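So you can see what is in the structure, the chains are spelled out below.
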Amino acid sequence: MTDPLVIAGRTFPSRLVLGTGKYPSHGVMKAAHEASGTGMVTVAVRRVDLHGRVAGDLLSWIDTSRIMLLPNTAGCYTADDAVRTARLAREAGWSNWIKLEVIGDEQTLLPDNEALLDATVQLIREGFVVLPYTTDDPIVCQKLERAGAAAVMPLGAPIGSGLGIQNPNNLLLITERARVPVIVDAGVGTASDAAIAMELGADGVLMNTAVAGAGNPAMMAEAMKHAVEAGRLAYLAGRIPRRRYGQASSPVEGLVTPGAPARS
Amino acid sequence: MSAVRILLNGEPRELPHEMSILALLERLGLDPRTVAVELDRVVIRRPRYGETAIADGAEVEIVAFVGGGSTLS
């Protein structure tokens, strides 16, 4: 494909970004990553379990020669916590990229945009490449872009909800005006949701639960790959305008029985 | 050398004596290349693990990457 996703000067082979959580096993995760063709997966930063079980072998199940690790600040509820977590993630040695999350509320898991903007400004000052996860608010996305975000990541719906793209018009306003890549993050439930996001002009889609929680994660990952590619092609091709009435696609001239039946 | 009391990943711990971050990681059986360490809320660069001592009362956080997509409730 000659239409790669480029973020902060780095080129990715796929417009699909996956997570690494909630899979039934590391083996299933690896199979899903492979089937998806993804070039970037997100990982969380957590305290090491000092009581026995070492959870540390996640990375051995990710082909880091082909797949970039995107650390996130999942689970952070303040700008300070998110900045702290980002600094630790950078020191863990993979890159200075961070998927920035500052969550506002445990029940909805919706972002706290005010704290998110503060943390974005701080981390950019410290040399991070920041990809903030935000609500589907065009104004907030613009503010994040002006602050120097390398991409903006508006949600389609709450994390893990699988509700699909809840506000297509907002997403369109965001993609039409953004000068940095727009990655729709969260809310995708099935392949058509990913295609819709891409048809609306998104540059990529990030999902975790929709694949990890599917009956067959690897098969769903492949479906998502096709959906993202189909949606991207449809966006580039340019869809027809919507009409409320029918418009014949066969010629009207030369009909054997001209004229429509009279309406009573 | 006297015992050192620290807060390690939020839990009180007692070390037999003052030691470096590198020594603590070895003691815990952790590979320094797979973790990141914060001492009193400041991230310590990996090359400095050997020379950075953990004093009495220190707060130490040791983290690693785990599976995740977005916030897990």
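See the structure shown above.
Quick look at the structure, then. All of these numbers come straight from a predicted model, not from anything done at the bench. (Residues numbered from 1 in each chain as written. Chains lettered and ligands numbered in written order. Predicted model: local features only at pLDDT ≥ 70, side-chain atom pairs only at ≥ 80, totals over all residues.)

1. With respect to the overall build of chain B
The number of helices and strands found in chain B is one helix and seven strands. Counting only C-alpha atoms and orienting by the principal axes, one finds that chain B spans roughly 45 × 25 × 20 Å. Counting every position in chain B, which comprises 73 residues, the buried fraction comes to 26%. For chain B, the share of sequence-separated contacts (at least 6 apart) that also reach a separation of at least 24 residues comes to 50%. (Helix = DSSP H or I, 4+ residues; strand = E, 2+ residues; numbered from the N terminus. Buried ≥ 20, exposed ≤ 12 C-beta atoms within 10 Å, placed from the backbone. Contact = placed C-beta atoms within 7 Å.)

2. Some thoughts on helix α6 (residues 191-199) of chain A
Residue and element names in this part refer to chain A. With respect to burial, α6 is a largely interior element, seven of its nine residues being buried. Along α6, the positions that sit buried rather than exposed are Asp193, Ala194, Ala195, Ile196, Ala197, Met198 and Glu199. Its buried side turned inward, α6 meets α5 (168-177), β9 (183-185), β10 (204-207) and α8 (217-237). Among the residues trailing α6, Gly201 stands out with phi positive, at a value near 100 degrees.

3. Things to note about the sheet that holds strand β8 (residues 153-154) of chain A
All names here are of chain A. Strand order across the open sheet formed by three strands is β6-β7-β8, with parallel pairing between neighbours. Two strands in the sheet have a free side with no partner beyond their single neighbour: β6 (97-100) and β8. Note that β6 and strand β7 (residues 129-134) share four bridges and pair parallel. Counted as the bridge partner of Trp97 is Val129 from β7. (Pairing = 2+ DSSP bridges.)

4. Here we look at the packing of helix α4 (residues 138-147) of chain A against α5(A)
Residues and elements named next belong to chain A. Put simply, α4 and α5 touch, their axes get as near as 9 Å, and they point 30 degrees apart. Relative to α5, the element α4 lies roughly parallel. Relative to α5, α4 is oriented so that their crossing is right-handed. Along the contact surface, α4 presents Pro138, Cys141 and Gln142, while α5 presents Asn170, Leu173, Ile174 and Arg177. Of the residues that constitute the contact of α4 with α5, the class distribution is four nonpolar, two polar and one charged. (Axes fitted to C-alpha atoms, helices over the stretch in contact; angles between N-to-C directions. Parallel < 35°, antiparallel > 145°, perpendicular 65-115°, else oblique. Left-handed = near helix turned anticlockwise from the far one by under 90°. Nonpolar A, V, L, I, M, F, W, Y, C, P; charged D, E, K, R; others polar.)

5. Examining the interface of chain B and chain A
Each side of the interface is counted separately: chain B has 25 residues, and chain A has 35 residues. Secondary-structure elements contributing two or more residues to the side of chain B that touches chain A are β4 (36-39) and β7 (59-67) of chain B. Counting residues per element, the side of chain B that touches chain A draws most heavily on β7(B), which supplies seven residues. Looking at the side of chain B that touches chain A residue by residue, the classes come out as twelve nonpolar, eight polar and five charged. In terms of strand pairing, strand β4 (residues 40-47) of chain A meets β7(B) through five bridges, oriented antiparallel. By the bridge assignment, A:Arg46 is partnered in β7(B) with B:Ala64.

6. Topic: the environment of A:Glu222
Residue and element names in this part refer to chain A. Mapped onto the fold, Glu222 is located in helix α8. Along the primary structure Glu222 and Ser36 are separated by 186 residues, whereas in three dimensions their C-alpha atoms are 5.0 Å apart. Sequence-distant contacts of Glu222, that is, excluding residues within four places in its chain, are made with Ala35 and Ser36.

7. So, the packing of helix α2 (residues 79-91) of chain A against helix α3 (residues 113-125) of chain A
Residue and element names in this part refer to chain A. Two numbers describe how α2 lies on α3: the axes approach to 9 Å, and their chain directions differ by 35 degrees. When you trace α2 past α3, the crossing you get is right-handed. Listed contacts from α3 to Ala79, Ala82, Val83 and Ala86 of α2 are Ala115, Asp118, Ala119, Gln122 and Leu123. Along the lines of polarity and charge, the residues of the contact of α2 with α3 split into seven nonpolar, one polar and one charged.

8. A few points about the nonpolar core
With 93 residues, the main nonpolar core has A:Leu100, A:Ala197, A:Val205 and A:Met224 as its most contacted residues. Setting aside anything within four residues of it in sequence, one finds A:Ala197 in contact with A:Gly156, A:Ile165, A:Leu171, A:Val184, A:Ala202, A:Val205 and A:Gly231. (Core = buried A, V, L, I, M, F, W, Y, C linked by C-beta atoms within 7 Å.)

9. Observations concerning the pairing of strand β2 (residues 11-15) of chain B
Residues and elements named next belong to chain B. Sparse coverage of β2 is indicated by the burial of zero of its five residues. Of the strand pairs in this sheet, strand β1 (residues 4-8) and β2 are connected by five bridges, and their pairing is antiparallel. Considered in β2, the bridge of Arg5 is made with Glu14. Where β1 hands over to β2, the hairpin turn is made up of two residues, of which Asn9 adopts a positive phi near 45 degrees.

10. Digging into unusual backbone geometry
Trans peptide bonds make up most of the peptide bonds, and negative phi angles are found at most residues other than glycine. All names here are of chain B. The backbone phi angle of Asp40 is positive, close to 50 degrees, even though this residue is not glycine. Inspection of the secondary structure assignment puts Asp40 in the loop between β4 and β5 (42-44). Owing to 13 C-beta atoms within 10 Å, Asp40 belongs among the partly exposed residues under this scheme. The backbone of Arg41 sits at a positive phi, close to 70 degrees, despite the residue not being glycine. Position of Arg41 relative to the elements: it lies in the loop between β4 and β5. Given 10 C-beta atoms within 10 Å, Arg41 falls into the exposed group.

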